[in-house]
Amino acid sequence: MRDQRRNLHSATPALIAAGIGASGWTIANGQTQFDEAELIPTPDSVSGVAIADMDGDGWRDLISCEGLESVRIFANQHNGQFTLIGSHFEAGARLSGLRTADIDRSGSPDLIWSSTFRGTYSLQVYFNAGDGHAARLERIPLGREPAAVAVGDFTPGGILEIAAIDGFDPVEPSHVHVFRMRGGAFVETQTFLLDNNHGRDLVAGDIDGDGDTDLVALSIESYYDTYYGIKGEAAQADVLLNDGLGTFSIADPIPLPFETGFYGALPANLHEGDFDGDGDIDLAVFSPNFVAQRPNLVEIIESRNSGSQWIPRNSYAVGGEFYAYARSAVADFDTDGDLDILVTQDNANQWVLVNDGSLAFHQEELSVRSGNEAIPAVGDLDNDGQTDVATCDRFGIAVLLNATPYGGPLLAHTPLNRGVEATLAVADAQPGERVDFLYTTHGAGNSLGVRQLGGITLDLNDPIQILGTARADSNGVAQFRFTVPPRAPLTEVVLQAVIRRGPGGADSVKTPFRTARITD
């Protein structure tokens, strides 16, 4: 099988033409920092939030699920302010699970959410016209309320597909459903029966390292008590392996630890990521504890030999405010080259599990508070190359800007105009050091650890390409010039540079990432 995860691939500038980035900063005094939350008031209570550049201006905007039937888009004004630019008022009731992805590969992010519409559970797909307004809306009927949605290119062809996992049912086991666009409508192509009756989360990633996108489903066996709520009796993660043609098979389940009893912390969120930089996707399971003043739990499960072996590693107790429901998100918040875990709590201090490498984390408490009605959204809202956070509650959307001090190398660039020469430059390298200029057209995210770069994770989604390389001059500046092809796609590009250091790149340093659009 092809191992596409552990190596970078060369490419000519003709394949892209855009983006600027920088990523990677050092922590002052070892402390991750976020500014105090800035509240963006909304007309109705918010049940979901997402971050994406909906209007194509190169700045990420905010999207919210609100009230009974509204999805709203707030445009980033480049100065910390956000202005409502569009609302969709037939989004269905019980809105949740808001996601963004370029489903039709148009170059603009689309929206996906779950809801009930005219008494039927469904997924709603909002195709973006490129300016944040809807080109069209598609509904995917479901027989059961979904717990989570994942998106991936499961079948060769470049068009993204949608997968959903069923939520709680007192009798019937949960299923995972896969939908593909055919003839202008979504068709269910596969359905998988799980062992448990309560689907909790669903993630997509190349679990076995063969170059295609697999799925991992988190579920529990549970029942509902009218006084105590959900009680769990078993928990597991099921890996659905893709054969490269979009057909999945279920591998042996991964048993998960969980707390028994009415006051136990039940697994709710599943995160996939290369937490130890070895090129294999590991898992982090987040179990919030709501009704008791006891800590939330984070379990780290290591993957070895491309997902053929799963080993529980470390467990962390985080936070624990009374009736402060908690959520979690993953990103390289301190840009040191490995993935961290953010734990948000409702009206309580937030926490970051800072990755020290080798699957070891230390906890840092953040003296910032915000609402917490949905899984937090992560993305760069102020275009400084650091990953920010958005949460939500009944009052609106809370923006937490990443203020972790950074003193490392930076990436800069000239505009990326079709048919015009562009320059990428990195300062603060050592004279003679090699600098790789990397890009992706698939957005900012979390890569697997890169072997040639000492296992650091990049802030780019796969596939990642090398745009070019340069050597730092006597002043420590490396520059790479290329002509943007006259017919380059008018799309968003995310760039990042890496300075190769140490034997075999073991001490490599990345810059903060940035985004740019190819323009005429």
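Structure shown above.
Note on numbering: residues in each chain are counted from 1, in written sequence order. In keeping with the predicted nature of the model, local features appear solely for residues at pLDDT of at least 70, side-chain atom pairs appear and are counted solely at 80 or more, and the whole-chain, interface and lining totals rest on all residues. Hydrogens and waters are ignored; side-chain quantities use all the structure's heavy atoms.

This paragraph deals with the environment of P41. Secondary structure elements follow DSSP: runs of H or I no shorter than four residues count as helices, runs of E no shorter than two count as strands, and numbering proceeds from the N terminus. On the secondary structure map, P41 appears in strand β2 (residues 38-41). A relative accessible area of 58% places P41 in the exposed class. Counting along the chain gives 356 residues from P41 to I397, while the straight-line C-alpha distance between them is 6.5 Å. Contacts: residue pairs with any heavy atoms within 4.5 Å of one another. Apart from residues no more than four positions distant in its own chain, P41 is found in contact with F395 and G396. Exposed residues in this analysis have more than 50% of their type's maximum accessible area, buried residues have under 20%, and partly exposed residues fall in between, with area computed by a 1.4 Å probe over protein chains only.

Of note, the amide linkage connecting D462 to P463 takes the cis form, showing an omega dihedral of 0 degrees. Its identity is not glycine, yet R105 carries a phi of approximately 55 degrees, on the positive side. Among the secondary structure elements, R105 is positioned in the loop between β7 (93-101) and β8 (110-117). In this structure R105 comes out as partly exposed when scored by relative accessible area, which is 32%. Here T335, not a glycine, exhibits a phi torsion of approximately 50 degrees, which is positive. When you line up the elements, T335 lands in the loop between β24 (326-331) and β25 (340-345).

This brings us to the sheet that holds strand β35 (residues 478-483). Adjacent strands of a sheet pair through backbone hydrogen bonds, lying either parallel or antiparallel. In this description, strands pair whenever DSSP reports at least two bridges between them. Strand order in the open sheet made by the three strands is β31-β32-β35, with antiparallel pairing throughout. Each edge of the open sheet is held by one strand with a lone partner, namely β31 (411-413) and β35. Strand after strand, the sheet turns through a mean of 20 degrees between neighbouring axes, direction not considered. Sheet topology note: the strand β32 (residues 421-426)/β35 ladder contains six bridges and is antiparallel. Across the sheet, the residue bridging to A422 is F482, located in β35. Each axis is a line fitted through C-alpha atoms, taken for helices only over the stretch in contact, and angles between the N-to-C directions span 0 to 180 degrees.

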